[in-house]
Structure formats: structure tokens, C-alpha cells
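Coordinate inspection notes
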Number of protein chains: 2
Amino acid sequence: MIINKLLPRACMLLSYMATASAKSNESTSLGIILFDGYQPMDIWGPLDLWSSMSRYKDIQLSVISHKVGPVTSKTPPRKGNPGAPPPERVTIGPHVMATHSFDNAPPLDILLIPGGLGNRALEERGDTRMEEFVAARYPQLRYLLTVCTGSTTAASAGVLEGRRATSNKASWDFVVTHGKNVTWVPSARWVVDGNIWTSSGVAAGLDMTYAFLEHYYSDDHETVQKMMNLVEYAPHTDPHWDAFSIVHDVPGADKDGSLVDCVKPVGY
Amino acid sequence: MIINKLLPRACMLLSYMATASAKSNESTSLGIILFDGYQPMDIWGPLDLWSSMSRYKDIQLSVISHKVGPVTSKTPPRKGNPGAPPPERVTIGPHVMATHSFDNAPPLDILLIPGGLGNRALEERGDTRMEEFVAARYPQLRYLLTVCTGSTTAASAGVLEGRRATSNKASWDFVVTHGKNVTWVPSARWVVDGNIWTSSGVAAGLDMTYAFLEHYYSDDHETVQKMMNLVEYAPHTDPHWDAFSIVHDVPGADKDGSLVDCVKPVGY
């Protein structure tokens, strides 16, 4: 039992040490993927933190999708299963403009992949362009970050082979069918394996992004913490806290884990 | 001291009772305002929760700005003060498409106003169209919600006269110069006064929105709580918890308040 608790912590420590963080005066090319039916906060939570960092750091943003132009968070039409209730769909969502397609995105340092019900629609249509893009770009990335079921895209792209990863706990049955030789971690707010960071669902992207920014801008904790307090977010800082793995009854979850997490402003 | 603590709680209880929540089978016309330089999570945090509710409830969304078309969260050019460092600016932000202008927005049940550095740019230019829109529409709204410095827009529109409200604690000096006869509450994650809900900065919009959805869909707590656990957000549920009023040394803040808040999945 002790080794089960120590091993993930040891892995994460080694992962942190293995990757090189940015010097704060460097420019960062950040790419975010959008697809019709993406989950808004998967992208916009992290993007708020990155946007706020852009007050202080040089960051270039590319918004990448199947084609240049509008992308909606409304769920595209989905096939139902015979006899089952119609699949749930998100019916509202502004259009956000993709600046690049999978064919012409610029060189990237960091790529962020969201989840969302749109994933299911793409799979139903057999559309694998997003996975092909991730597979092609991964070798040149400094970091790959996924939120929620975005890790299923990474898994299907083959980049999680032999790695540990997590995902949205409400969708676990769907998640674990993806990828070969992926160690899907049932209790984790986020997981770090090498240069791949994967978070649990939706709001967990905020917590992972804070931890990532502390890692990435490790020579300037003061600015990262100042930014978090400007956005008044008191993050979950323990990647092993995963109340939602209990709520969603994930097989293999640590049922003795705490439902409660006590948070406060960073730096205090 | 006791009356100082009891009175805000009594006011909030009366406010809850005074407004009528929706029947869950009714349609809701939700309007969100965007302006160049809005703070992304002020809108997209709440909008993720509303989007997720749209799986279960009939919601119509209007994205309203100065004109139909693209709106960015990048900060527009701002004037500096002579001798002072240049004002901070957010330099990255996708374009989001406004569906309506202040001139042609449809009838609305609920209007959500974000904050962001773009507010300052509009004030510097003497552009008051947003405030005029809010003032004109407020009498027909069921609810007005503001996040962060969005409450300064409501104050300048005159709708906070005689009311209690709060705002981003990092911008407090800027905030309290707005509006006539507004009781600016220095320690509050959010404030409810009649049908106007105002939250503290950025991430506080998520907490206020959860509380609002429990109020608005009071005949269906089960669905609201199911939605919150799908998005894996454990909200701050005490509107009086305001660690950031202490962090930002807000005059009049409750310095004895707790920096720590212990949160857990709703319904657990």
C-alpha cells in the first residue's frame, strides 16, 4: 500500500526533473486545439491563466482546428444507440475563430488539447485528423497538455504508449478504451509523465495549469503567484486529491481518499 | 460586530426570497456581454456551467458587443500616465463572435457582464455605450449578473444605486470610484441584492454562478449538482469567504476572515 502511494509521487518528481522549464525572457509558442463540441472551460480556464501571464511574458497563441474559421462548443449531431435515450448535447456556444488548421499550424512549444462531447462525434464519424496532427507534432513539442477527455485524443495518437495519464472521471469507461499500453490512473487531479501532463475533467485544467506554470516559469514563481491572486483562484495543489474519482465510482479509485480539499491563495 | 456579520446574511436571505426562480421547463434567454479586453474566465467559467446546463434545460444564448463580429480578450491600446510604467496589457486572445450589438440584442431574462482591462480602455475613450445598454435593459431583466470589474459597468449604468455589490479585490481602488450611492462590500466572494448578483474577481464567477443556478433552478437541485460534478468543480459555497480581500489589502476587509476554504463536490 505504501509503495502504491510513493511510486506515483516518485514518478512525478522524476518527470519534473527530466524536462527543461523556460527561461522567463524566452518567447513561448502556445497552441490550443479546438473542435466543434469542445468543453469550454477545458480551454478557457487554462487560457485565462496563460492570457494573464501574457501581461508579463512573451507568449504567441495559435488556435488550431480542422480548418481556419469558426468553431463552436455546441455538440455536433451524434448517433444514438438503438433503444437508448438520445445522446446528451450541449446546445449553446459562441463561435471562436481558429487561426490555423492542422495543415498549417506554426511550430509549437506547447500544445493543449481539450475534451468535450465533440470527441465522441468525431470518433463516430471516423475522423482522425486531430489525432494525426498530435502524433505528427508531438516529437517537436516541449510539452503536451491535455484536459478532460483530451487525453483520449493523445492516447489515440499513440503518444501515451507506455505512459501514465488521467482524464475526466465521469467518462472513465469511455476513456480507458483508448490507446495501447496506457496506464490510466484512476485517482489523480492530474498526472505528469515526462513532458506530457494530463488532467482530470474540466475545472481540473485550472489546477494542472497552475502547477505547470510554476514548473515552466520556475525562475519566476513570484509572477506566477501574483497572476493567480489577480484571478482570485485558490488552486488545488495536490495532484493526488481526486474526490471526483470517488463521486463517479471509478474502478480502482482510492476510495479512502478525501472528498474535501482545503485551498487558499498561493503564496499564503 | 455581531450585527455587522448578521446583517449581510439577512440581506442575502431576503434577496433570495424576493426574486422568482425559473420553472425548469421554461426557456431562458441568456445574454453575455463581451468587449475587447474582457477577462476570459469572467465569461467562460460561468458559460461552461450554463453550457453544461443546456444539456438539460432550454437556454438561448446571445453574445452581445459594441457590434456584431469578432471580439478579442487582448487588451486594446491604453493611455499611460505621464512618468508611470506603461499600463499592463493582455497580448493573446482568440476572437469570439458577437451575435448581436447593443442596438439589436433580443429580449433577455439574464444578462452577464464581465470585467477585464478592456473596461479601462473604454473609460479612457469616454465610450459609454455598454453602460447605456445595461441601463436601458435592466428594467426588463429577471436578473443581472456581473463578474469581476463588470460591476463597475453596472455601477456606471446607475443600476447599483442604493444597492450592495462587490468586485475584483485586486482592482478595488478603481472599483469604488464608480457609481452613486453604491455600498461596495469589501469582503465577499459574491453579493446578492434583489435581482442583481455581483461577484469578486474572475474565478469567483464560477462560485457565484453555481449559487445562482441552485437559486434559478430551485425545483431541480439534482440536475444542477449532477452538472457541477460532471465539470469536476468543487465550489466555494460561502459568499462571505474572501481570502483575496485580505491578499489585496482591501480597505475595510475582514482581516480576521479565513484565508483557507475547505471545498468538496456538491451534494457530498
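Residues numbered from 1 in each chain as written. Chains lettered and ligands numbered in written order. Predicted model: local features only at pLDDT ≥ 70, side-chain atom pairs only at ≥ 80, totals over all residues. Heavy atoms only, no water.

Chain A goes by Class I glutamine amidotransferase-like protein in an unreviewed UniProt entry, where it is assigned to Corynascus novoguineensis.

Topic: the state of the cysteines
Threshold: When two cysteine sulfur atoms lie within 2.5 Å, the pair is treated as a disulfide. We count a stretch as a helix when DSSP gives it H or I for four or more residues in a row; a strand needs E for two or more, and each element gets its number in order from the N terminus. Relative accessibility decides the category of a residue: with a 1.4 Å probe and only protein chains considered, values under 20% of the type maximum give buried, values over 50% give exposed, and everything between is partly exposed.
Enumeration over the complete set of coordinates arrives at 1 disulfide over all chains. A:Cys262 shares a disulfide with B:Cys262; S-S distance 2.0 Å. Its torsion about the S-S bond being 105°, the disulfide of A:Cys262 and B:Cys262 is classed as right-handed. Residue A:Cys262 is found in strand β12 (residues 261-263), and its partner B:Cys262 is found in strand β12 (residues 261-263); the two belong to separate chains. Residue classification places A:Cys262 among the partly exposed residues on the basis of a relative accessible area of 44%.

With respect to the sheet that holds strand β5 (residues 100-101) of chain A
Residue and element names in this part refer to chain A. Just so we agree on the cut-off: Following DSSP output, two strands are said to pair if at least two bridges run between them.
Read across the sheet, 7 strands follow the order β5-β2-β1-β6-β7-β11-β10 without closing on themselves; strand pairing throughout is mixed. Each edge of the open sheet is held by one strand with a lone partner, namely β5 and β10 (190-193). Sheet topology note: the strand β2 (residues 59-65)/β5 ladder contains 2 bridges and is parallel. Each residue of the ladder has a partner; that of serine 65, found in β5, is serine 101.

Observations regarding the UniProt feature "domain: DJ-1/PfpI" (unreviewed entry) in chain A
Note the cut-off: UniProt positions are given in the numbering used here, feature names are shortened, and annotations may be inferred rather than shown by experiment.
Within this numbering scheme, the UniProt entry marks residues 32-214 of chain A as carrying the feature "domain: DJ-1/PfpI" (unreviewed entry). Secondary structure across residues 32-214 of chain A comprises 29% helix and 21% strand; the distance between its end C-alpha atoms is 19 Å.

Things to note about the interface of chain A and chain B
The following threshold applies: In this analysis, two residues are considered to be in contact whenever any of their non-hydrogen atoms come within 4.5 Å of each other. Once two parts are joined, some of their accessible surface, as seen by a 1.4 Å probe, is lost; buried area is that loss totalled over both. Every case where a carboxyl oxygen of Asp or Glu lies within 4 Å of a side-chain nitrogen of Lys or Arg is listed as a salt bridge. Any N or O atom pair separated by 3.5 Å or less is treated as a polar contact, with the protein-specific requirement of one donor-capable and one acceptor-capable atom, and with residues adjacent in sequence counted only for side-chain atom pairs.
Counting from both sides, the interface comprises 63 residues of chain A and, opposite them, 63 residues of chain B. With both sides pooled, the region where chain A packs onto chain B buries about 5,000 Å², and carbon together with sulfur makes up 65% of that total. The largest per-residue losses of area from chain A upon contact with chain B belong to A:Trp44, A:Ile92 and A:Glu232, which jointly make up 16% of the total buried on that side. Summed over the shared surface of chain A and chain B, the number is 6 salt bridges. Here B:Glu88 makes a salt bridge to A:Arg55, at a shortest N to O gap of 2.8 Å. Applying the counting criterion to the chain A and chain B interface returns 30 residue pairs in polar contact (both at pLDDT 80 or more). Elements with a contribution of two residues or more to the side of chain A that touches chain B: α2 (40-53), β2, β4 (95-98), α8 (221-230), α9 (243-247) and β12 of chain A. Sorting elements by how many residues they give to the side of chain A that touches chain B places α2(A) first, with 9 residues.

Thoughts on the relation of the copies chain A and chain B
Our working rule: Residues reaching a pLDDT of at least 70 in both copies supply the C-alpha atoms on which the copies are superposed by least squares.
For these two chains of identical sequence, chain A goes onto chain B by a turn of 180° and a shift of 0.0 Å along the axis, with RMSD 0.0 Å. Classification of the inter-copy transformation places it as that of a two-fold axis. The fraction of interface residues of chain A whose copies in chain B are also interface residues reaches 100%, indicating that both copies meet through the same surface.

Structural notes on helix α8 (residues 221-230) of chain B
When α8(B) is considered as a whole, its buried residues turn out to be B:Thr223, B:Val224, B:Met227, B:Met228, B:Asn229 and B:Leu230. Looking at the packing, one finds that the buried side of α8(B) touches α9 of chain A together with α2 (40-53) and α7 (204-216) of chain B. B:Glu232 occupies a position one or two residues after α8(B) and carries a positive phi of about 50°.

Quick notes on the packing of aromatic side chains
For clarity, the cut-off: Here the aromatic set is Phe, Tyr and Trp, taking the six-membered ring for Trp, and pairing holds for ring centres within 6.5 Å; pairs whose planes are under 30 degrees apart are stacked, those over 60 apart are edge-to-face, and all others are tilted.
Following the criterion strictly, the structure yields 21 aromatic pairs over all chains and no others. Judged by centre distance (4.4 Å) and plane angle (0°), the rings of A:Trp44 and B:Trp44 are stacked. With A:Trp44 in helix α2 and B:Trp44 in helix α2, this residue pair bridges two chains. On the accessibility criterion, A:Trp44 (1% relative accessible area) is buried. Taken together through their ring pairs, the aromatic side chains of A:Trp50, A:Tyr143, A:Trp197, A:Phe212, A:Tyr216 and A:Tyr217 make up a single cluster.

Considering the pairing of strand β11 (residues 196-199) of chain B
Residue and element names in this part refer to chain B. The alternating pattern of β11 places Ile196 and Thr198 and Trp197 and Ser199 on opposite faces, both of which are buried. In the sheet, strand β7 (residues 143-146) pairs with β11 via 3 bridges, with the strands oriented parallel. Its bridge partner being in β11, leucine 144 is matched across the sheet by isoleucine 196. In this sheet, β11 lies alongside strand β10 (residues 190-193) in antiparallel orientation, the contact comprising 4 bridges. Note on β11: the bridge partner recorded for tryptophan 190 is serine 199. Hairpin connection, β10 to β11: the antiparallel pair is bridged by 2 residues, and glycine 194 has positive phi, about 65°.

Remarks on the side chain of A:Ser167
On the secondary structure map, A:Ser167 appears in the loop between β8 (164-165) and α6 (172-175). Classification of A:Ser167 by relative accessible area gives buried; the value is 0%. In this structure, A:Ser167 is in contact with A:Cys148, A:Thr149, A:Ser151, A:Trp172, A:Val175, A:Trp184, A:Ser199, A:Ser200, A:Gly201 and B:Glu232, ignoring residues within four places of it in sequence.

Remarks on the environment of B:Met53
Residue and element names in this part refer to chain B. Position of methionine 53 among the secondary structure elements: in helix α2. Among the residues examined, methionine 53 registers a relative accessible area of 0% and is labelled buried. In the structure, methionine 53 is positioned 170 residues away from threonine 223 in sequence and 8.0 Å away in space, judged by C-alpha atoms. Not counting the four nearest positions on each side in its chain, methionine 53 is found in contact with Ile59, Leu213, Tyr217, Thr223, Val224 and Met227.

Observations concerning the sheet that holds strand β2 (residues 59-65) of chain B
Residue and element names in this part refer to chain B. The following threshold applies: Note on geometry: axes are C-alpha line fits, over the in-contact stretch for helices, and angles between N-to-C directions span 0 to 180 degrees.
Strand order in the open sheet made by the 7 strands is β5-β2-β1-β6-β7-β11-β10, with mixed pairing throughout. The open sheet has two edge strands, β5 (100-101) and β10, and neither has a second partner. Bridge analysis of strand β1 (residues 28-33) against strand β6 (residues 110-113) gives 3 bridges, and the strand direction is parallel. Paired with isoleucine 32 across the bridge in β6 is leucine 112. Contacting β1, β6, β7, β10 and β11, α7 runs over the sheet at an angle of about 155° to β11.

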